[in-house]
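So you can see what is in the structure, the chains are spelled out below.
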Amino acid sequence: MNEKQKFGLIAVVVISAFVLGYLIGAGQNWYLLSRVNDLELQVEQLYEQAETTDYQKHIAEVELGIERAASEQLERDLIAGQDESMALKRELAFYQKIMAPELEAQGVVIDAFELYSLRQPEHYQFRLAVVQTDRQRGGVKGTLNVSLHGLLDGSRVVLDVFELAELPAADKEFSMRYFKVQTGSFRLPDNFEPESITVRVNVQGSGNTLLERTFLWSELQS
């Protein structure tokens, strides 16, 4: 091989190496550009996700604030309703004293009579509360009487609830300051159809000494 052929071979090798290096560099450059584009797309997607998350977080905070405000308003309404209910009860008690003085005697009222069904059929428990409304007075004395009205074998009868409950006679008498609560349990007689219960309170003293309230059996069981 002469010098000219050697020179040509070297030139071919150099050119081939240059072309190969260029191709390799171009391939790497294309890969890097593609990788950069992928990374830029991922960054853009992450920004979008972050914006979506921030938006959802903001919406959740707004909804939470609305729910919290609604809950606080509901609590205020409930307190206001309770205050209004208490005011109505006081107003009702005031008008009852004026329009129905028989509901109070010597500063004493029949506050409540409650009836509860027990597990055994036709067995009941009662609770009677008598309250002294005039707290400035001393203790008061009197007697209690609870009558059960209904039909026994088709005939109208009146039964003594204290006797049905087998309570001692001494329980009918009270000497109280502020309030008196009497409880007991009883069983209805066979073939008895209850209709109502009448509570009478005889207060010792001058003036109006008799209190009387009648409770329908159907209302006590509702």
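Residues numbered from 1 in each chain as written. Predicted model: local features only at pLDDT ≥ 70, side-chain atom pairs only at ≥ 80, totals over all residues. Heavy atoms only, no water.

**Side note on the overall build of the protein chain**
- A tally of regular secondary structure across the protein chain gives three helices and nine strands.
- Contacts spanning at least 24 positions in sequence make up 63% of the contacts within the protein chain whose residues lie at least 6 apart.
- Of the roughly 16100 Å² of accessible surface on the protein chain, 56% is carried by carbon and sulfur atoms. (Helix = DSSP H or I, 4+ residues; strand = E, 2+ residues; numbered from the N terminus. Contact = heavy atoms within 4.5 Å. Areas by Shrake-Rupley, 256 points an atom, 1.4 Å probe, with all protein chains shown as cover.)

**With respect to the nonpolar core**
- Grouped together as the largest cluster of nonpolar side chains are 29 residues, with contacts concentrated most on F113, L148, F186, V199 and V201.
- Listing elements by their share of this core, those giving two or more residues are β2 (108–117), β3 (123–132), β4 (140–152), α2 (161–164), β6 (173–176), β8 (192–203), β9 (210–216) and α3 (217–220).
- The leading source of residues in this core is β8, at five residues.
- The residues contacting V199, other than those within four sequence positions of it, are I110, F113, L128, N145, V146, L211, E212, R213 and F215. (Core = buried A, V, L, I, M, F, W, Y, C linked by side-chain atoms within 4.5 Å. Buried < 20%, exposed > 50% of the residue type's maximum accessible area, 1.4 Å probe, protein only.)

**Observations concerning the pattern of salt bridges**
- According to the stated counting rule, one finds five salt bridges in the structure shown.
- One salt bridge in this structure joins D190 and R187, with 2.7 Å as the shortest N-O distance.
- The closest approach of N and O atoms between E212 and R200, which form a salt bridge, is 3.0 Å. Within this pair, whereas E212 is found in strand β9, its partner R200 is found in strand β8, the two being separated by twelve residues in sequence. (Salt bridge = Lys/Arg side-chain N within 4 Å of Asp/Glu carboxyl O.)

**Thoughts on a nonpolar patch on the surface**
- On the surface, Y178, F179 and V181 cluster together to form a nonpolar patch covering roughly 280 Å² of accessible area.
- Inspection of the secondary structure assignment puts F179 in strand β7 (residues 179–187).
- When its relative accessible area of 53% is taken as the criterion, F179 is described as exposed. (Patch = residues over 30% accessible without salt bridge, like charges linked within 9 Å, V, L, I, M, F, W, Y side chains within 5 Å.)

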